[in-house]
Amino acid sequence: MQKPLQITFRDLDRSPSLESLIRARAEKLGRFHPNIIGCRIVVETTHRAPETAKNPLGITVEVEIPGRPKVVARGSDERREAKQDLNAVVGRVFEAVERQLSDSAQIKAGTVKAHASAGEAGQVVRLFGDQDYGFVEVRGAPDLYFSRTAVVGGSFDALKVGTLVEVTRSAVEGPWGPQASTVRVLDGSRAPQPN
């Protein structure tokens, strides 16, 4: 990492054992993406449910990589008293970040495999929802322009920067150069999901 790791505890006391667990997982993120700029982790108590006296633990991990918005994963757990519950929530959040980093690195390196009958794998890198178009990064080509009408199944509004997609290149160029004739969200896309 180019920047030092940042761990912030908000609305709860700093826990040396939890901080040690988080540091150990954060040190391993470099295996999933070669160019991590920085990582910020926030550990906080989320709003308490009125029917329980337990303070839920929430963890947010933000990772900066070149040329992309931050990779973000969030998780929470109601039962923060038990150590295994802390391990589980930290594990889930870091596994989500690791999958996103790995997917981004594979797309950048061009190692994502596509089936013979499938289009090319890509990742949404710029999105202009108010103007109904965006761009997809694919291996070995300039970013492909696509419009709302190219998105299969009317799922344009569900797209976010970082969403993994399958694209079919168009034989003709669009207003912004090379374009995709179809864009389909890949099943199991590991784009950031709200919790």
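So, how was this worked out
- Residues numbered from 1 in each chain as written.
- Predicted model: local features only at pLDDT ≥ 70, side-chain atom pairs only at ≥ 80, totals over all residues.
- Heavy atoms only, no water.
- Helix = DSSP H or I, 4+ residues; strand = E, 2+ residues; numbered from the N terminus.
- Buried < 20%, exposed > 50% of the residue type's maximum accessible area, 1.4 Å probe, protein only.
- Contact = heavy atoms within 4.5 Å.
- Areas by Shrake-Rupley, 256 points an atom, 1.4 Å probe, with all protein chains shown as cover.
- Salt bridge = Lys/Arg side-chain N within 4 Å of Asp/Glu carboxyl O.
- Pairing = 2+ DSSP bridges.
- Axes fitted to C-alpha atoms, helices over the stretch in contact; angles between N-to-C directions.

Novice: Can you help me understand the overall build of the protein chain in this one?
Specialist: Regarding its fold elements, the protein chain presents two helices and nine strands. Its helices and strands in sequence order give the protein chain the pattern β-α-β-β-β-α-β-β-β-β-β, from N to C terminus. Expressed as a percentage of the 195 residues in the protein chain, the buried residues total 43%. A separation of at least 24 residues holds for 54% of the contacts in the protein chain among residues at least 6 apart in sequence. Accessible surface for the protein chain amounts to roughly 11000 Å². Of this, 48% is attributable to carbon and sulfur atoms.

Novice: Which parts of the structure should I look at to understand the pattern of salt bridges?
Specialist: Side-chain pairs of opposite charge can arise where the charged atoms are in close proximity. Per the counting criterion, the structure on display carries 11 salt bridges. Between Arg10 and Glu44 there is a salt bridge, with its nearest N and O atoms 3.4 Å apart. Of the two residues, Arg10 is situated in strand β1 (residues 6-10) and Glu44 in strand β2 (residues 38-45); the sequence distance between them amounts to 34 residues.

Novice: What is the right way to look at the side chain of Thr163 in this model?
Specialist: Topologically, Thr163 is positioned in the loop between β7 (144-147) and β8 (164-169). Given a relative accessible area of 5%, Thr163 falls into the buried group.

Novice: Honestly, the sheet that holds β1 in this entry has me stumped. Any pointers?
Specialist: In sheet architecture, strand pairing relies on hydrogen bonds along the backbone and comes in two forms, parallel and antiparallel. Ordered by their spatial adjacency, four strands build an open sheet running β1-β2-β3-β4, and the pairing between neighbours is mixed. Each end of this open sheet is capped by a strand with a single partner; those strands are β1 and β4 (71-77). Adjacent strand axes in the sheet meet at a mean angle of 10°, parallel and antiparallel pairs treated alike. For strand β3 (residues 57-64) and β4, the ladder comprises seven bridges, and the chain directions are antiparallel. Counterpart to Leu57 in the pairing with β4 is Asp77. Together, β1, β2 and β3 form the strand contacts of helix α1 (residues 16-27), whose direction differs from that of β1 by roughly 145°.

Novice: For this particular structure, what's the right way to read the sheet that holds β7?
Specialist: Read from one edge of the open sheet, five strands run β7-β6-β5-β8-β9, paired in antiparallel fashion. Each edge of the open sheet carries a strand with a single partner, namely β7 and β9 (180-185). Pairs of neighbouring strands in the sheet enclose a mean axial angle of 45°, with direction left out of account. Bridge count for β8 against β9 is five bridges, and the pairing is antiparallel. Counterpart to Val165 in the pairing with β9 is Val185.

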